[in-house]
Amino acid sequence: MSGSADRDRPGNGARRECSQPAGMKFKFVLLGPDDDPDGPRRPQARAARVPPSQCRVLRYEQRGADIIRVEQRENGRLKTTAVANFHARIVRDVILDDGQEQRRLFGLEAALGGQRVAFAVCAAEFSRMSWVLNKLGPQAIVYPGQQQHARAAIQWLSGEIRQEHIFAHLGWRKHGEHWLYLHAGGALGAGGMLSGVQVQVPAALQSYQVRYPKDPEDLVRAVRASLHCLSVAPDRISFPLLAAVYRAPFGRVDFSVFLTGTTGVFKTALAALCQQHFGAGMDAGSLPANFASTENALEGLAFHAQDALLVVDDFAPTGGHGDSELRDIAERLFRATGTQQGRSRLGGNGRLSAPRPPRALVLATGEKVPPVHSIRARLLVVELGPGEVNRATLSECQCAGQQGRLAESMGAFLSWIAGRYEERQQRLRARMLEIRSRGSGRAIHARLPAALAELQSGWELFLEFAVEVGAIGRAEQEELAERSQRAFAKLCALQATYQQAGDPALHFVALLPAALACGRAHVADRRGRVPDEAAVWGWQRKPTGRRWVPRGTQIGWVAGADLFLEPAASYQVAQELAGANRLVGEQALRHRLRERGLLASIDAGRQMVQVRRTLEGSPRQVLHLKARALVQVNSRASPTLPFQPTERH
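What you see is a predicted model; the values in this text were computed from it and never measured. (Residues numbered from 1 in each chain as written. Predicted model: local features only at pLDDT ≥ 70, side-chain atom pairs only at ≥ 80, totals over all residues. Heavy atoms only, no water.)

Peer 1: What am I meant to see in the nonpolar core here?
Peer 2: As a rule of thumb, soluble globular proteins bury nonpolar side chains together. By size, the foremost hydrophobic cluster in this structure holds 110 residues, and its most contacted members are Phe-278, Phe-291, Phe-334 and Trp-459. The element that contributes the greatest number of residues to this core is helix α14 (residues 447–468), accounting for eleven residues. By size, the runner-up hydrophobic cluster in this structure holds 37 residues, among which are Val-509, Trp-539, Val-622 and Leu-625. (Core = buried A, V, L, I, M, F, W, Y, C linked by side-chain atoms within 4.5 Å. Buried < 20%, exposed > 50% of the residue type's maximum accessible area, 1.4 Å probe, protein only. Helix = DSSP H or I, 4+ residues; strand = E, 2+ residues; numbered from the N terminus.)

Peer 1: Hey, could you run me through the confidence of the model for the protein in this one?
Peer 2: A low pLDDT means the predicted coordinates there should not be read in detail. With 84% of its residues at a pLDDT of at least 70, the protein reaches an overall mean of 85. A low-confidence stretch, residues 440–444 stays under pLDDT 50, and its non-local contacts, those more than four residues away or across chains, total five contacts. (pLDDT = per-residue confidence, 0-100. Contact = heavy atoms within 4.5 Å.)

Peer 1: Teacher, can you tell me more about the packing of aromatic side chains here?
Peer 2: Geometrically, a pair of aromatic rings is defined through the distance of the ring centres and the angle of the planes. Under the defined criterion, the tally for this structure stands at 22 aromatic pairs. Considering the side-chain rings of Trp-172 and Tyr-181, the 5.2 Å spacing of their centres and the 80 degrees angle between planes classify their relative orientation as edge-to-face. A relative accessible area of 3% means that Trp-172 is categorised as buried. Given a relative accessible area of 2%, Tyr-181 falls into the buried group. Summarising the aromatic geometry, the rings of Phe-258 and Phe-334 are spaced 6.2 Å apart at their centres and angled 75 degrees between planes, so their arrangement reads as edge-to-face. Of this pair, Phe-258 sits in strand β15 (residues 256–260) while Phe-334 sits in helix α9 (residues 323–339), and the two are 76 residues apart along the sequence. (Phe/Tyr/Trp six-rings, centres within 6.5 Å; stacked < 30°, edge-to-face > 60°.)

Peer 1: Help me understand the environment of Leu-598, please; the structure alone is not making it clear to me.
Peer 2: Inspection of the secondary structure assignment puts Leu-598 in the loop between α18 (586–595) and β27 (599–601). For the pair Leu-598 and Leu-625, spaced 27 residues apart in sequence, the C-alpha to C-alpha distance is 6.3 Å. Those residues in contact with Leu-598 that sit more than four places away from it in its chain are Ala-505, Leu-506, Val-509, Leu-593, His-624 and Leu-625.

Peer 1: Is there a simple way to think about helix α5 (residues 216–228) in this case?
Peer 2: For an α-helix, 3.6 residues make a turn, and residues three or four places apart therefore share a direction. With 13 residues, α5 ought to run about 18 Å at 1.5 Å a step, and its terminal C-alpha atoms sit 18 Å apart, in line with that. All of the buried residues in α5 are Asp-218, Leu-219, Ala-222, Val-223, Ala-225, Ser-226 and Leu-227. If you check the start of α5, you find a side-chain oxygen 3.1 Å away from the backbone N of Glu-217, and it comes from Asp-215. (Expected span 1.5 Å × (residues − 1). Polar contact = N/O pair within 3.5 Å; in protein donor to acceptor, adjacent residues only side chain to side chain.)

The following block contains the structure:
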């Protein structure tokens, strides 16, 4: 062999011949790295000079424990090369459809060392062949340079592959000309339960399995069992809850229902009765979600539980450091439901994933209502007091839930909707708009009439269904409709008070009389002396004599009907009294006071909410309110105790 030939170093992919004694020839071939469709490709400047391969792949085979490839050389001879030391084939080609996007999965069966294993990988992961060690363990070997041959061999040897379309959500889907309702056990249509429809939902939603009554008598018993739930609690509680159950299957809503009450009032048990309409297994100990879950987990469940009720249990702040995180979780869930928007995420591949907005009607429970005003505006708060649950009736309804009667009532209702889906959706929407147009008044939030109209329109359609199947008569339908309207009207009045309690401006103004009453603050007259009605403004008479002394921090001055608050001092006192229910920022609070119409005047020339006044002989920047505003707001909501709504509305 010549010295110059010995020193030649072929480049990547190049093939060179070296002269040898006795007419022998050797070919040196340097193989590049495995092709990776997702990996970087290095430029090959000399690619055009590489001669074509002298072999072509004929086929892949299983031989013993190995996968091999068979190639044909130019001279016609066959060459075999070991690709991997295991067998594998694709048996299922699965489209996983969540109603928003579709993902492709491959179901594989593999054999290694006499052991067989079945598993699934996504199409992109299969292409990269990164699953081998993860799924088969360290004894699985893809031989050097054979990674993409292993992929091609598995596809080659798989033969006929079963194709499957699996739905990854609950709720309605159109199949041809017909509408189907998907649940964890399959699908239901106008004629009852259907076979051949596959549904795969997260583990927490596996108990969402509605039922269909066997005969008309069972159907009537099921609907009557559901209506019996109205007797568990007063109408102002039971009607909104059961209306939410039967409104949920009609889809998109921009509000959540919040069932609140102190511990031991059976709020979780009551919420579980509602949840068992969608599956007998979801009793009080097996609810699908709670506020101990992460934000992403709750958002995912609310997305997959499309057109269904989702109970999220136990919002229970403790007054500790964990309350901030708990409030953030609740705020994200309720805000996303109210705006019908989810968060986009950046995936590991650098691509933005589609947002997953909540598609369920959320029924939450908690000992306290989230304090943020913008969140309360997205809630219908139903308060459950001690002794308001009839325990004997509750036990009867729980038995009906465990026996599946509540789920049968819902299954029959869904089948009824499926028969004329578009028409009933249109009727629901038209009726909702009609009812909403009647809602008015300055004391309630603009969202409230729409939310109550959604519940009432869904409830009226359920009553129509109950009449058609013979579960109730026309007279009972009218009676239940009238009772529901009274219950919704009462809920509306009570909700208005919750909105006021959650309003930062009203909260601030309500805290000030409490500060005056408990000795945290006082208000002086214009000259800094004892005002008229001194006891009202935080002054106390000395035990001996007729002299009045101020208590706490001075927060302002009163002059006749006008109250001038020192901004920083009044804010600090209110903030201390608010405790865990902290106020918004000082600047934001001033603008909220203006928006609420609580400021008697502003400095329009300087475009400031503070006005200039000479008080105690000095010019000051103050907030100008009417003195009676403190009395009026304080009469509507208590700032120091959990709000207790009354029946006077």
